[in-house]
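Take a look at the letters that make up each chain.
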Amino acid sequence: MIQKRIQELKKLRQNRIEGKVNCIPFTDTFPKLSQYVPGIIKGYIYHNVAMSGVSKTQFTKYTFIWTPYIYNKLHPESKIDYKIIIFLLEESEEEFIDSAICTMLFLKFNIRVDPVELTSLRDNPVSSDILDKIESIQDDLNEFLSHCVINDSVSNITGMYKLCRSIANEQGKHYWIPLIGEGDEITAEEYESLTPEVKKTYKYSRYQANNPEQYNIVIVDNLNLLPEEYDSNLKRTLTLIEVMDKWCYSYCRRQMTRHWNWICCQVQQLANADEAQQFNYKGESIIAKVRPNLSMLADSKKTQRHSLVIMWLFAPDRYEVEEYAGYNVEVMRDTIRTVGIAKNRKGMANVEIPVYFDGAVNFFRELPLPKEMNNDTYRKCVNREIKPGFKI
């Protein structure tokens, strides 16, 4: 057993020596964060949490949907093969695509167009120049979307798992073995041909992917919106808490990440704290009382047990503070967020990283240190002039 693991560790080391990667790195999109959470790692369950309206959906898109695309563009020699299965419980497929168009326009041309302008909902319709630009990046958008399986109609966990299972069946083979003894493995097809009584004498063994190098990422946005569903074994309807736990543990942990080596990303809302400022007996603001923590998880706190990495997003501007973590919030207003690591089973937690945020184009960029912030940097934040540190 240990010899097998040593050989695996040697292979991982050799990958890095040869310039290959062992995860989809955050180094281009979140270089500081990547020191603590290297990237999107196979077999991991991630959890992105925030209060309502803080942009946890945008953060999840940029970290888990845009990061693989950006990495491949900046490092074409890597040719990372990936598929992202996205269960949209808030957005529609059209809204998701509109958001992608806005982000692509920004990353390609530094053009800021939000989805409202894009869909001509304001007094003035979107300009023909913008539509021409979109025409010119059709291939880029099609390439981006070719990696995505977008689903805005299936929202029950059984249907979601069945869709993931059908994709896994296309990409590899499932094997079963007898519960007792050392009988031969059988394929899923052979297992399904057995009678119900004989099936009870077998247990799930393993999954063999046709392409072990491929990354499969499953995103649920968000867990709090999962519908209740009937459980035929228990002969009753599961509560929301039970549904959330069954998805995170029975499907994501026990099957998709453990057996298939897939990646799962759960988006979960935090219970809204009092958004007014809170003060101590001296009249000093206590921002710590409203900063995210795992005790705030809404509807179910059990979901955190199965995640290896939990990241939260915080918007200090909501609490009318003049300064936070050394940054002038009064000036930056809604352009500042902080990304915190609440749980990191294989690394450092309790880390907080300030980032610039532009919700119109779904863009995040880590901020310089407070002492490196000057009037010009603040002006660029307020005027939405912060650009990506790369060009795709």
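Conventions used here
Residues numbered from 1 in each chain as written. Predicted model: local features only at pLDDT ≥ 70, side-chain atom pairs only at ≥ 80, totals over all residues. Heavy atoms only, no water. Core = buried A, V, L, I, M, F, W, Y, C linked by side-chain atoms within 4.5 Å. Buried < 20%, exposed > 50% of the residue type's maximum accessible area, 1.4 Å probe, protein only. Contact = heavy atoms within 4.5 Å. Axes fitted to C-alpha atoms, helices over the stretch in contact; angles between N-to-C directions. Helix = DSSP H or I, 4+ residues; strand = E, 2+ residues; numbered from the N terminus. Parallel < 35°, antiparallel > 145°, perpendicular 65-115°, else oblique. Nonpolar A, V, L, I, M, F, W, Y, C, P; charged D, E, K, R; others polar. Pairing = 2+ DSSP bridges. 1 Å grid on protein atoms, 1.4 Å probe; cavity = no way out; pocket = protein on both sides within 12 Å on 5 of 7 lines; lining within 4 Å. Points joined across faces, edges and corners; volume = space filled by probe spheres on them. Expected span 1.5 Å × (residues − 1). Phe/Tyr/Trp six-rings, centres within 6.5 Å; stacked < 30°, edge-to-face > 60°. Lys NZ or Arg CZ within 6 Å of the ring centre and 35° of its normal. Salt bridge = Lys/Arg side-chain N within 4 Å of Asp/Glu carboxyl O.

A. Local environment of the nonpolar core. Counting 91 residues, the largest nonpolar core has Tyr-46, Phe-64 and Trp-66 as its most contacted members. Contacts of Trp-66, omitting those with residues within four sequence positions, involve Lys-61, Ala-100, Thr-103, Met-104, Leu-107 and Phe-144. One finds Leu-89, Ile-186, Tyr-191 and Cys-252 within the second-largest nonpolar core, a separate group that totals 33 residues.

B. Layout of the packing of helix H3 (residues 93-109) against helix H5 (residues 128-136). At a minimum axis distance of 11 Å, the contact between H3 and H5 shows a crossing angle of 85 degrees. In terms of orientation, H3 lies roughly perpendicular with respect to H5. Together, Ile-101, Leu-105 and Phe-109 of H3 and Ile-130, Lys-133, Ile-134 and Ser-136 of H5 make up the contact between the two elements. Split by residue class, the contact of H3 with H5 holds five nonpolar, one polar and one charged.

C. Highlighting the sheet that holds strand E8 (residues 202-209). Ordered by their spatial adjacency, three strands build an open sheet running E7-E6-E8, and the pairing between neighbours is antiparallel. Only two strands of the sheet have a single partner each, and these edge strands are strand E7 (186-187) and E8. Two elements, strand E6 (residues 172-178) and E8, share seven bridges in a ladder whose sense is antiparallel. The residue bridging Tyr-175 from the neighbouring strand is Arg-206, located in E8. Contacting E6 and E8, helix H7 (residues 157-171) crosses the sheet at an angle of about 100 degrees to E6.

D. Geometry of empty space enclosed by the protein. The tally for this structure, following the rule as stated, stands at three cavities of 30 Å³ or more. Each pocket or cavity is described by its volume, and for the largest cavity that value is around 40 Å³. Secondary structure elements with two or more residues in the lining of the largest cavity: helix H2 (56-74), strand E4 (82-88) and strand E9 (215-221). The greatest single-element share of the lining of the largest cavity, amounting to four residues, is contributed by H2.

E. Structural context of the side chain of Asp-140. When you line up the elements, Asp-140 lands in helix H6 (residues 138-146). Each residue touching Asp-140, except ones within four places of it in the same chain, is listed here: Tyr-69, Lys-73, Met-104 and Lys-108.

F. Spotlight on helix H1 (residues 2-17). Helix length check: H1 (16 residues) gives 23 Å between terminal C-alpha atoms against 22 Å at 1.5 Å per residue, within 8%. Where H1 ends, the next residue or the one after it, Gly-19, has phi of about 85 degrees, a positive value.

G. Layout of the packing of aromatic side chains. For the structure shown, the criterion picks out 26 aromatic pairs. An angle of 90 degrees between the planes, with centres 5.6 Å apart, marks the rings of Tyr-69 and Phe-144 as edge-to-face. Placement of Tyr-69 in helix H2 and of Phe-144 in helix H6 is noted, with a sequence separation of 75 residues between them. The exposure classification of Tyr-69 matches that of Phe-144, with both residues buried. Ring centres of Phe-314 and Tyr-324 lie 5.4 Å apart, and the angle between their planes is 65 degrees; on these two criteria the pair is classed as edge-to-face. On the criterion of sequence distance, the pair formed by Phe-314 in strand E13 (residues 309-314) and Tyr-324 in strand E14 (residues 323-324) is long-range, its members being 10 residues apart. A residue is classified by how much of its surface remains accessible, and Phe-314, at 3% relative accessible area, is buried. Grouped by ring-pair contacts, the aromatic residues Phe-26, Phe-30, Tyr-44, Tyr-46, Phe-59, Tyr-62, Phe-64, Phe-106, Tyr-356, Phe-357, Phe-363 and Phe-364 constitute a single cluster. For Lys-42, the ring lying beneath its charged end belongs to Tyr-215, and the centroid distance is 4.5 Å. The ring of Tyr-175 is capped by Arg-206, whose NZ or CZ atom sits 4.3 Å from the centre of that ring.

H. Structural context of the environment of Thr-338. With respect to the helices and strands, the residue Thr-338 is situated in strand E16 (residues 336-344). You can call Thr-338 buried: its relative accessible area is 1%. C-alpha separation for the pair Thr-338 and Pro-354, spaced 16 residues apart in sequence, amounts to 4.2 Å. Aside from chain neighbours lying at most four places away, what touches Thr-338 is Trp-312, Leu-313, Phe-314, Tyr-324, Glu-352, Ile-353, Pro-354 and Val-355.

I. Representation of H3. Taking 1.5 Å as the rise per residue, H3 with 17 residues should run 24 Å; its terminal C-alpha atoms sit 24 Å apart, in good agreement. Every buried residue of H3 is listed here: Phe-96, Ser-99, Ala-100, Ile-101, Cys-102, Thr-103, Met-104, Leu-105, Phe-106, Leu-107 and Lys-108. Looking one or two residues beyond H3, the residue adopting positive phi is Asn-110, at roughly 60 degrees.

J. Geometry of the packing of H5 against H6. Remark: H5 packs on H6, axes separated minimally by 5 Å, with the N-to-C direction vectors making an angle of 60 degrees. In terms of orientation, H5 lies oblique with respect to H6. Contact residues: H5 offers Ile-134, Glu-135 and Ser-136, while H6 offers Gln-138, Asp-140 and Leu-141. Considering only residue class, the contact of H5 with H6 consists of two nonpolar, two polar and two charged.

K. Structural context of the pattern of salt bridges. Under the defined criterion, the tally for this structure stands at 18 salt bridges. With a closest N to O distance of 2.9 Å, Lys-73 and Glu-143 form a salt bridge. Taken together, the residues span a long stretch of sequence, with Lys-73 in helix H2 and Glu-143 in helix H6 at a distance of 70 residues. Note on Glu-143: relative accessible area 33%, which makes it partly exposed. With a shortest N-O distance of 3.8 Å, Arg-291 and Glu-352 are connected by a salt bridge. Pair noted here: Arg-291 is in the loop between strand E12 (263-269) and E13 and Glu-352 is in strand E17 (residues 351-358), with a separation of 61 residues, a long-range link.

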